[in-house]
Structure formats: C-alpha cells, structure tokens
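So you can see what is in the structure, the chains are spelled out below.
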Amino acid sequence: MLAFIWAEDSNHGIGYQGQLPWHMPADMKFFKDTTTGNTIVAGRKTFESFKRPLHNRKNIVLTSRDEKDFPEGVVVYHSVKEVLEYYTRQPSQKMFIIGGVRLFEEFLPYATDLYRTTIDHEFAVDTYMPEIDYNHFMLSDFVEGKVDEKNKYPHHFEHFMRVEPENE
Ligand SMILES: NC(=O)c1ccc[n+]([C@@H]2O[C@H](COP(=O)([O-])OP(=O)(O)OC[C@H]3O[C@@H](n4cnc5c(N)ncnc54)[C@H](OP(=O)(O)O)[C@@H]3O)[C@@H](O)[C@H]2O)c1
C-alpha cells in the first residue's frame, strides 16, 4: 500500500507558515495510530515542522540537501524515483506519503489509498492540497469525528481506495 494521509480544511488548505493551521489532537491521534509501525515519506519542510523524526516509524525525507543535514536514522532520498524503488523492494510494507504539496502532486499516480481528514472550517492558510480526481477512488470508510473541548471543529475521517489508474 502506498497511501496519502493528510488533513484539509473546507478550502483544501493544509498549511500555514510552515505548520498546521489548526490544533486538532483527534487528527494527530488518527495520524499516529495509522502510521505507527510503517514508513512515512515527508518533504523537507514538512519534516522540519516535526522538529525530530517521528517515533516507531521509518522516516524518509525527500530533499536536495545532503544526508548529513538530517538526524541519524532518517533515510534521505533525492528523487521520487528513489522512493519508488525503495517501495518496490519492500512490497508488503505500508508507505505513507505525508506531504507537502509537491510530494502529493508527484506521487498521486502511484497512490493506492487516500486517508483524508476534513475539518469543516475556513482557516488562514498558505498551502493547499493539489487537486485529486476522486472518480479514480472509491470511499471505503467514513467516520464522523467527535467535537469536544480539545477538538473544536466538526471533522471527519475518510479512507478511499484506488479503483482506476490515474490516466484513465
Ligand atoms: N495538513 C496536512 O496534512 C499537512 C501535511 C503535510 C504538510 N502540511 C503543511 O504544509 C507545509 C509544508 O509543505 P510544503 O508543500 O510547503 O513543503 P514540503 O513538500 O514539505 O517540502 C518541500 C521540500 O521538499 C523537498 N522535495 C519535494 N519534492 C522533492 C523531490 N521530488 N525531490 C527532492 N526534494 C523534494 C524540497 O526540499 P529542499 O528544499 O530541501 O530541496 C522542497 O523544498 C507546512 O505548513 C506543513 O505544516 C500539512
């Protein structure tokens, strides 16, 4: 499985000033539960937004920078091709593309699954999710999130599975 996982607001916004535009612990928990034990692939800016590698996951970063600029244990790749070759070598693994924009654009043809959290609110954002043709995917799971003191905005979690190749 080569999956995308992300959260977007009502306008497909995903980022603001290098960070998430919102504080939604329920989505962070969903992200952690879904990706733990698996491989995550981040663009350099998304990786920097975490400050350190995420625990109990293989951390791959895409960058033009040198490997020595990253903490020990992080796997540094310089092209989409290298990531796909790694994925092909370990077909049983679950690999999650976790953003940002260029990764979502470049890996879209290869994505088998999409894990999308939608937060029904308009935030101040400066980074948007690229367009996805959902006709190529089938909704396989929908869970309404619980609004509470810590998660103030209505939100839901969806899992889509690919049914058609990207070029059809
Ligand atoms: N809501 C969400 O689910 C979500 C998910 C992810 C990110 N975000 C947000 O989005 C923002 C960051 O995303 P972003 O799109 O601005 O940046 P990004 O994709 O995280 O990082 C961009 C960098 O990744 C590297 N890169 C990307 N594609 C590459 C390729 N094919 N080959 C080599 N290097 C490649 C380059 O690094 P170098 O410059 O080092 O060469 C590029 O400058 C933040 O605000 C973050 O919080 C939100």
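Provided above is the structure to which this section pertains.
Owing to the predicted nature of the structure, the values given are computational and were not obtained by experimental measurement.

Visitor: Account for the site of the ligand, with residues named and values stated.
Guide: The environment of the ligand is formed by 27 residues, the closest being A7, T46, T63, S64 and E106. Here A7 contributes a backbone N or O atom positioned 2.8 Å from a nitrogen atom of the ligand. A distance of 2.5 Å is found between an oxygen atom of the ligand and a side-chain nitrogen or oxygen belonging to T63. Those elements giving two or more residues to the shell around the ligand turn out to be strand 1 (2–9), strand 2 (13–15), helix 2 (44–50) and helix 4 (101–107). Considering every element that reaches the shell around the ligand, the biggest residue donor is helix 4, with 4 residues. Looking at side-chain class alone, the shell around the ligand contains 11 nonpolar, 11 polar and 5 charged residues.

Visitor: Describe the sheet that holds strand 3 (residues 39–43), listing the residues and the values that go with them.
Guide: Reading across from one edge, 5-4-3-6-1-7-10-9 is the order of the 8 strands in this open sheet, with mixed pairing throughout. Each of the sheet's edge strands pairs with one partner strand only, and the pair in question is strand 5 (75–77) and strand 9 (137–144). Each neighbouring strand pair of the sheet contributes to a mean axis angle of 25 degrees, computed without reference to strand direction. Here 7 bridges tie strand 1 to strand 7 (residues 113–119), and the two strands are oriented parallel to one another. Bridge assignment links I5 to a residue of strand 7, and that residue is Y115. Packing against the sheet, helix 1 (residues 25–35) makes contact with strand 1, strand 3, strand 6 (95–97), strand 7 and strand 10 (155–162), and its axis sits at approximately 180 degrees to strand 1. Across the sheet, helix 3 (residues 80–89) is in contact with strand 1, strand 3, strand 4 (58–62), strand 5 and strand 6; its angle to strand 4 comes to roughly 155 degrees.

Visitor: Describe the nonpolar core, listing the residues and the values that go with them.
Guide: By size, the foremost hydrophobic cluster in this structure holds 25 residues, and its most contacted members are F4 and F107. Going through the elements one at a time, strand 1, strand 4, helix 3, strand 6 and helix 4 are the ones with two or more residues in this core. One finds A3, A42, F47 and F96 within the second-largest nonpolar core, a separate group that totals 14 residues.

Cut-offs used in this document
Here the residue index of a chain counts from 1 through its sequence in written order. Given that this is a predicted model, residues contribute local features only at a pLDDT of at least 70 and side-chain atom pairs are listed and counted only at 80 or more, while totals for whole chains, interfaces and linings are drawn from all residues. Side-chain measures here rest on the full set of heavy atoms in the structure, leaving out hydrogens and waters. It suffices for a single heavy atom of a residue to lie within 4 Å of a molecule or strand for the residue to be listed as near it. Pairs of N or O atoms within 3.5 Å make up the polar contacts considered here, provided that, within protein, one atom can donate a hydrogen while the other can accept it, and that residues adjacent in sequence are counted only when both atoms are side-chain atoms. Helix and strand labels come from DSSP, where a helix needs a run of H or I of at least four residues and a strand needs a run of E of at least two; each type is numbered from the N terminus. Classification convention: Asp, Glu, Lys, Arg as charged; Ala, Val, Leu, Ile, Met, Phe, Trp, Tyr, Cys, Pro as nonpolar; all other residues, Gly among them, as polar. Pairs of strands are assigned from DSSP output, requiring at least two bridges between the strands. Axis definition: a line fit to C-alpha positions, over the contact stretch in the case of helices; interaxial angles, taken between N-to-C directions, run 0 to 180 degrees. Whether two residues touch is decided by their heavy atoms; if any such pair falls within 4.5 Å, the residues are in contact. Among buried residues, those of type Ala, Val, Leu, Ile, Met, Phe, Trp, Tyr and Cys that are joined through side-chain atoms within 4.5 Å constitute a nonpolar core. Exposed residues in this analysis have more than 50% of their type's maximum accessible area, buried residues have under 20%, and partly exposed residues fall in between, with area computed by a 1.4 Å probe over protein chains only.

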